[in-house]
Amino acid sequence: MNEIGRLVKSLGFIEEFVETATTLATERNVRKLLQQVLTSARNFTNCEAGRVYVLDVTKRFLQLQVSQWNDHEIVSDWYQPREFGFSGHLNTQDPLVYCGMTGSVVLIDDVYSFAGFDLEYVYRHDRLAGVKTASLILVPLRDHDGQSIGVLELINARDAWNRRHVSFKSLEPIIRAFAAQSAVCINNALLIETNQHLISLLNETNQRLEEENRRLKEKVGRRLDYRIIGNSPAMQRVYETI
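Residues numbered from 1 in each chain as written. Predicted model: local features only at pLDDT ≥ 70, side-chain atom pairs only at ≥ 80, totals over all residues. Heavy atoms only, no water.

Visitor: Any chance you could explain the side chain of Ser-40 here in plain terms?
Guide: Along the chain, Ser-40 falls in helix 2 (residues 30-45). A relative accessible area of 12% places Ser-40 in the buried class. If we ignore the near neighbours within four places in the chain, the residues touching Ser-40 are Thr-20 and Phe-178. (Helix = DSSP H or I, 4+ residues; strand = E, 2+ residues; numbered from the N terminus. Buried < 20%, exposed > 50% of the residue type's maximum accessible area, 1.4 Å probe, protein only. Contact = heavy atoms within 4.5 Å.)

Rendered as structure tokens:
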């Protein structure tokens, strides 16, 4: 590819990146947003698969939210949620925990020949799904305060002709930039979802209180349904003497 061709390809990539970032910023449905983040990241990197993990509301457990392999979504019942060390134990041999807690990128070019981390979760997934993970990259998802909200995992990067798997190394800077932008969008969507849930709970609670208040008023009204003494015949005779 000549220099002009590389320039055109680079400009096209940048345009797609900006357009995708804008789209993500306007999506408020968390599930759809996570799907879009993963699909876009896979398109940028030309990789076969990927997963998005997000911390639950307690910020204690890392949950698998979205998993894709080629053109279909993979079920997540094989995955065991990771605890982020609040019980006093931090398993730094688990690459998901290491990436999420330290904010460091984990890059593995040959999964089945790598001995630096415990990759049992990858092997388990491959056995159950009937696929093979060759290479992967784990990138932290962090909010604007630098707090971890999850992990983006991309799997099996391919060359431009889809002939062989390649390293994610040359793509790391753009993946990190995309993950940083995505994390802000995800965090905003999570905050909006949480606020909407709280508003819904407050409205339901308010409706229940109003209904209970109405029933109490009716009950008290029935108990206090006395005749006014000033309207009795005896009092009417008293009034006549005045």
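Visitor: Explanation requested: the environment of Val-54 in the structure shown.
Guide: Along the chain, Val-54 turns up in strand 1 (residues 47-55). Separated by 11 residues in sequence, Val-54 and Gln-65 have C-alpha atoms that sit 6.6 Å apart. Excluding anything up to four places from it in sequence, Val-54 contacts Leu-34, Phe-61, Leu-62, Gln-63, Gln-65, Ile-149, Gly-150 and Leu-190.

Visitor: What is the right way to read the packing of aromatic side chains from this model?
Guide: Taken as a whole and assessed by the stated rule, the structure comprises 6 aromatic pairs. Plain terms: the ring middles of Tyr-53 and Tyr-79 are 5.3 Å apart, the flat faces sit at 50° to each other, and that makes the pair tilted. With a gap of 26 residues between them, Tyr-53 in strand 1 and Tyr-79 in the loop between strand 3 (72-73) and strand 4 (82-83) connect regions that are remote in the sequence. Looking at Tyr-53, the relative accessible area reads 0%, which means it is buried. Both rings, one in Tyr-112 and one in Tyr-123, keep their centres 4.9 Å apart while their planes meet at 35°; by these two values the pair is tilted. With a gap of 11 residues between them, Tyr-112 in the loop between strand 5 (106-108) and helix 4 (120-129) and Tyr-123 in helix 4 connect regions that are remote in the sequence. The lysine or arginine in question, Lys-132, covers the ring of Tyr-112, its NZ or CZ lying 5.4 Å from the ring centre. (Phe/Tyr/Trp six-rings, centres within 6.5 Å; stacked < 30°, edge-to-face > 60°. Lys NZ or Arg CZ within 6 Å of the ring centre and 35° of its normal.)

Visitor: Explain the nonpolar core to me, please; I cannot follow it from the model alone.
Guide: Most often, soluble globular proteins have nonpolar side chains that are buried together. Formed by 29 residues in total, the largest nonpolar core has its most connected members in Val-52, Leu-141, Leu-152, Leu-154 and Ile-186. Looking at this core, the elements that each hand over two or more residues are helix 2, strand 1, strand 6 (136-142), strand 7 (148-157) and helix 5 (172-223). Sort the elements by how many residues they give to this core and helix 5 lands first, with 8 residues. What Ile-186 contacts, discounting residues up to four positions off in sequence, is Leu-33, Leu-34, Val-37, Leu-141 and Ile-149. One finds Ala-49, Leu-62, Leu-96 and Phe-117 within the second-largest nonpolar core, a separate group that totals 23 residues. (Core = buried A, V, L, I, M, F, W, Y, C linked by side-chain atoms within 4.5 Å.)

Visitor: Sorry, what's going on with the pattern of salt bridges here?
Guide: If the charged atoms of two oppositely charged side chains come close together, the side chains can form a pair. Inspection of the entire model under this criterion finds 7 salt bridges. Residues Arg-82 and Asp-94 are paired through a salt bridge, measuring 2.6 Å at the closest nitrogen-oxygen approach. Here Asp-94 lies in the loop between strand 4 and helix 3 (95-102) and Arg-82 lies in strand 4, a separation of 12 residues in the sequence. With a relative accessible area of 7%, Asp-94 lands in the buried category. The network of salt bridges with common partners includes Lys-169, Glu-172 and Arg-176. (Salt bridge = Lys/Arg side-chain N within 4 Å of Asp/Glu carboxyl O.)

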